[in-house]
Amino acid sequence: MEGNDHPLNHRRLLRLSRTEVATKYDTATALSTTEKLFKADTLICGGVTTPLGFNAKWLRVDLSNNEVKVEEVPEEVYRVYLGGRGLCAYTLFRELRPGIDPLGPENKLVFAVSVITGAPVAGINRVSVAAKSPLTGTYGEAEAGGFFAVEMKLAGFDAIIVEGASEKPVYLWIKDGHAELRDASELWGKTTKEVAEIVRRELGEPLAKIACIGPAGEKLVRFANIVFDNRYAAGRGGLGAVMGSKKLKAVAVRRTRRPFEFYDEKKLAEIARWFNENWRKFPGAVSRSTYGTPELVTPLNGDGTLPTLNFKGGSFDGAHLIGGEMLNRAILVSRDGCFACPIRCKANVRAKPPYETDPAYGGPEYETIAAFGSLCGVSDLNAIAYANQICNAFGMDTISAGVVIAFAMECFERGIITEKETGNVELRFGNADSMIKMLLKIANREGLGGVLAEGVKRASEIIGKGSEKFAMHVKGKEIPMHEPRGKVGVGLMYALSPIGADHMQFPRDPAYEREREDLRSLGIIKAVDRLSLGPEKVRAAYYGMLWWGLLDCLGVCKFTFTPHSAGVLTPNHLVDIVNATTGWQASLWELMKASERVLNLIRCFNIREGFGAKDDILPGRFFEELEFGPRRGQRLDREKFNEAVELFYEMAGWDRDGRPKKAKLYELGLGWVVNEIYKG
Amino acid sequence: MKYIRVKAKYLSPYIRDLVGLSEEVVTVEEGSSVKDVIMKIAEIHGKHVLAQLLDDSERDLRGGVVVLVNNTTVQDINHKIQDNDTLVFLIALNGG
């Protein structure tokens, strides 16, 4: 059945009863009336399976009262917010009072998947996790790939809302629509791999998927993350610390029922088959499959945009020792991937002594290699892989950890801190051993590590002595490994990201340098120079932000869709997938509008918390010249940058303080938000 | 017949794998285009190079592939090149 002939559409449009659906559309005359009604039920509103593509059920977990309850959610919420980021923003804006302590019981932690999660197509496998961020004080969100999202959805819930705080450590166990809180006293203090092993053994569920925190989350390291199955991470913004503050050590999910029956499985199978048969024709995808994200290290170095020595320069002499080719040659054990994806861009590595690693913890991505490598001046790939393992085991964001250590190294070399503060660690650029020692001190909050565990903004405020100048962050979140002085749109992204400095908010400048059909489908017709900060760049940035925001609302990997260089699927494929999954007749326009709605909702969350144009800024270093590398001397022009930010506000329908105008909110169906940010 | 020489640099590991080196000097006829250089590279290193750099119609680069001529991104593979130009071949640097 296709299009309007499907019972779902008829029931929606004509308001047919289940009996009418059963008699009108089930032509199998051999079926009894009861059987026809059962079939109609499974078609209409879900029985064991649902054709809608989602459960319409959320789990609310009250840790203060040790209670779990199931809430039914109307389809309209999904149509308006789609899932993932959208459901998180919708929940947190409605349920969090402004000004709460992110590490207090009033904060809430949301795990959410989307209407298309579990569709058997590459890349549709990410879970969003969100809370008010203890690192930034803004809305905080991160996504993780792997298998957890699909397992969670098939276990019966599209979202899990965790509220309150437990008196003693607990973990949440969900299986086939049932949930319970279990004692986690024995898990407290354990690393992420230990937690996953113990929980699976205790439950007798070797295939359960585990999200958990390590000791860093327990110790409230402000950039602690949530680790999924040892190697995938909801990395940024300190969501692991929120989980730790609630004494929630882990969430385990398992389903035994068969997968969803989506609306048009033939169409989904057709898209999946096309992907599997054609992805090898896309060099970017093959390259990603061969080297993973570490493929970027040496090209960015050649381009002069590899962040080096705390962003002083853009090239690193040891780049060839830490790039994708070296990783494959020296420490790669096997490649790994996510649900339904043949690309398998992840690495499992075994580094060599004295930094030997366990392949179960995966391997370092590009961001991690640059953060612990070029940014800290370290060219020992084994040490970088070991740092990656420490972060995955203790549950810390590798970007923030690398940036905060690079900051401390610069402070040490400038004499702002000495061996007295570092505990006799000679914290110089290039000293791998010192980097590892300091990383462990952060994870355990020992000495200076306890200061750095506060994140680079707070650490610089504590250290003082002018160190603020070397603290690379936006809104308190450490800068990722992309250099805005060679890709100026990246600067806009860092400043305007609703979750602090983040590299996954819109495609980076090189994506717009070639005119491409998939860009045209997003309304970007002409190529845009990577060093331009003119209106055409701002426009591309805005549309790009809506596009990548949409991918977060749908829980989709940004690598599998154009205009990412590894992308194979197009925006129009995504529309087909949404409709084939849900039975909706959505358009790209409708979906982009949903993304815009969610972006504005998050913006309003931050406005309500006191953030505005004054916070949409970059560290001063980016307005100074790159000190070395092929782009030596390049810098951002502050005046042009400020003009671009203002133009972005105007394009987005925001006022000069970056606040969404009332008309924009009404246009997006967010009239209910107006009174929250226009008081008095 | 006059010939020109251009420097071809292979910036991405994947493209270095395809051709087996990181840079070389390529000699082509005067008046040649970027596409002609790619054809020449494929002639030297094998047809698999062509299949990975050009799309099936051979009228455009494959998605994700970028060619810079003297540091400027090429929009049209029929762009004419000059003696001593430097061509950089890479996978677009937009994602980690």
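Residues numbered from 1 in each chain as written. Chains lettered and ligands numbered in written order. Predicted model: local features only at pLDDT ≥ 70, side-chain atom pairs only at ≥ 80, totals over all residues.

### Structural notes on the overall build of chain B
Helices and strands together make up the secondary structure of chain B, namely three helices and five strands. Written out in order from the N terminus, the α and β elements of chain B read β-α-β-α-α-β-β-β. Its C-alpha atoms give chain B a radius of gyration of 12 Å, within 12% of the compact-globule value 12 Å for 96 residues. Seen through its C-alpha atoms, chain B measures out along the principal axes to roughly 45 × 25 × 25 Å. Here chain B holds 96 residues, and the buried ones make up 38% of them. Summarising the internal contacts of chain B: among those between residues at least 6 apart in sequence, 55% fall at separations of at least 24. (Helix = DSSP H or I, 4+ residues; strand = E, 2+ residues; numbered from the N terminus. Rg over C-alpha atoms; globule rule 2.2 N^0.38 Å. Buried ≥ 20, exposed ≤ 12 C-beta atoms within 10 Å, placed from the backbone. Contact = placed C-beta atoms within 7 Å.)

### With respect to the overall build of chain A
When its secondary structure is counted, chain A shows 29 helices and 16 strands. For 680 residues, the compact-globule estimate of 2.2 N^0.38 gives 26 Å, and the C-alpha radius of gyration of chain A, at 24 Å, lies within 12% of that figure. With respect to the principal axes defined by its C-alpha atoms, chain A has extents near 85 × 60 × 55 Å. Counting every position in chain A, which comprises 680 residues, the buried fraction comes to 61%. Considering only contacts in chain A between residues 6 or more positions apart, those separated by 24 or more positions represent 68%.

### What about the sheet that holds strand β11 (residues 232-234) of chain A?
Residue and element names in this part refer to chain A. Pairing is mixed across the open sheet formed by six strands, whose spatial order is β8-β7-β12-β9-β10-β11. At either end of the open sheet lies a strand with only one pairing partner, and these are β8 (178-183) and β11. On average, adjacent strands in this sheet sit at an angle of 20° to one another, irrespective of strand direction. Sheet topology places strand β7 (residues 170-175) next to strand β12 (residues 248-254); six bridges connect them, and they run parallel. (Pairing = 2+ DSSP bridges. Axes fitted to C-alpha atoms, helices over the stretch in contact; angles between N-to-C directions.)

### Details of the pairing of strand β3 (residues 109-112) of chain A
The two faces of the sheet receive side chains in turn, since in a regular strand these alternate between them. All names here are of chain A. Residues Leu109 and Phe111 line one face of β3 and the alternating positions Val110 and Ala112 line the opposite face, and both faces are buried. The sheet contact formed by β3 and strand β4 (residues 127-132) spans three bridges and is antiparallel. When the sheet's bridge partners are listed, phenylalanine 111 is paired in β4 with valine 129.

### Thoughts on helix α26 (residues 588-608) of chain A
Residues and elements named next belong to chain A. The terminal C-alpha atoms of α26 lie 30 Å apart, and with 21 residues this matches the ideal 30 Å at 1.5 Å per residue to within 8%. Within α26, 15 of the 21 residues are buried, leaving the element largely enclosed by the surrounding structure. Once α26 ends, the next one or two residues include glycine 610, with phi positive near 100°. (Expected span 1.5 Å × (residues − 1).)

### Describing helix α16 (residues 381-394) of chain A
Residue and element names in this part refer to chain A. Relative to the 20 Å expected for 14 residues at 1.5 Å per residue, α16 spans 20 Å between its end C-alpha atoms, a close match to the ideal helical length. Of all the 14 residues making up α16, 13 are buried; the element is thus mostly covered by neighbouring parts of the structure. Glycine 395 sits one or two positions beyond α16 and adopts a positive phi of about 75°.

### Some words on the environment of glycine 464 of chain A
All names here are of chain A. With respect to the secondary-structure elements, glycine 464 resides in the loop between α21 (456-463) and β15 (473-474). On the basis of neighbour counts, which here come to 9 C-beta atoms within 10 Å, the residue glycine 464 falls in the exposed class. Residues glycine 464 and phenylalanine 628, spaced 164 residues apart in sequence, show a C-alpha to C-alpha distance of 27 Å.

### Description of the sheet that holds strand β5 (residues 86-91) of chain B
Think of a sheet as strands paired side by side through backbone hydrogen bonds, with each pair either parallel or antiparallel. Residue and element names in this part refer to chain B. In space, the five strands of this open sheet follow the order β2-β1-β5-β3-β4, with mixed pairing throughout. The strands lining the two open edges of the sheet, one partner per strand, are β2 (23-29) and β4 (72-73). Bridge count between strand β1 (residues 3-10) and β2: seven bridges; the pairing is antiparallel. Bridge pairing in β2 places isoleucine 4 opposite valine 28.

### Quick look at unusual backbone geometry
Most peptide bonds take the trans configuration, and most residues that are not glycine carry a negative phi. Residue and element names in this part refer to chain A. Here the residue pair proline 353 and proline 354 is connected by a cis peptide bond, since its omega of 10° sits within 30 degrees of zero. Residue placement: proline 354 occurs in the loop between β14 (346-349) and α15 (366-372). Following threonine 562, the chain continues to proline 563 via a peptide bond in cis, the omega torsion being 10°. Position of proline 563 relative to the elements: it lies in the loop between α24 (535-553) and α25 (571-582). The phi dihedral of leucine 82 is positive, around 70°, even though this residue is not glycine.

### Overview of the confidence of the model for chain A
In this model, chain A carries a mean pLDDT of 92, and residues with pLDDT of at least 70 account for 92%. Across residues 24-29 of chain A the pLDDT falls below 50, and counting only partners more than four positions away or on other chains, this stretch makes six contacts in the model. (pLDDT = per-residue confidence, 0-100.)

### A look at the packing of helix α17 (residues 398-413) of chain A against α21 of chain A
Residue and element names in this part refer to chain A. Contact geometry of α17 with α21 gives a least axis separation of 10 Å together with a crossing angle of 25°. Considering their axes alone, α17 and α21 lie roughly parallel with respect to each other. At the point where α17 passes α21, the crossing takes the right-handed sense. Here α17 contributes Val403, Val404, Phe407 and Cys411 to the contact with α21, which in turn contributes Val456, Ala459, Ser460 and Ile463. The class makeup of the residues in the contact of α17 with α21 is seven nonpolar, one polar and no charged. (Parallel < 35°, antiparallel > 145°, perpendicular 65-115°, else oblique. Left-handed = near helix turned anticlockwise from the far one by under 90°. Nonpolar A, V, L, I, M, F, W, Y, C, P; charged D, E, K, R; others polar.)

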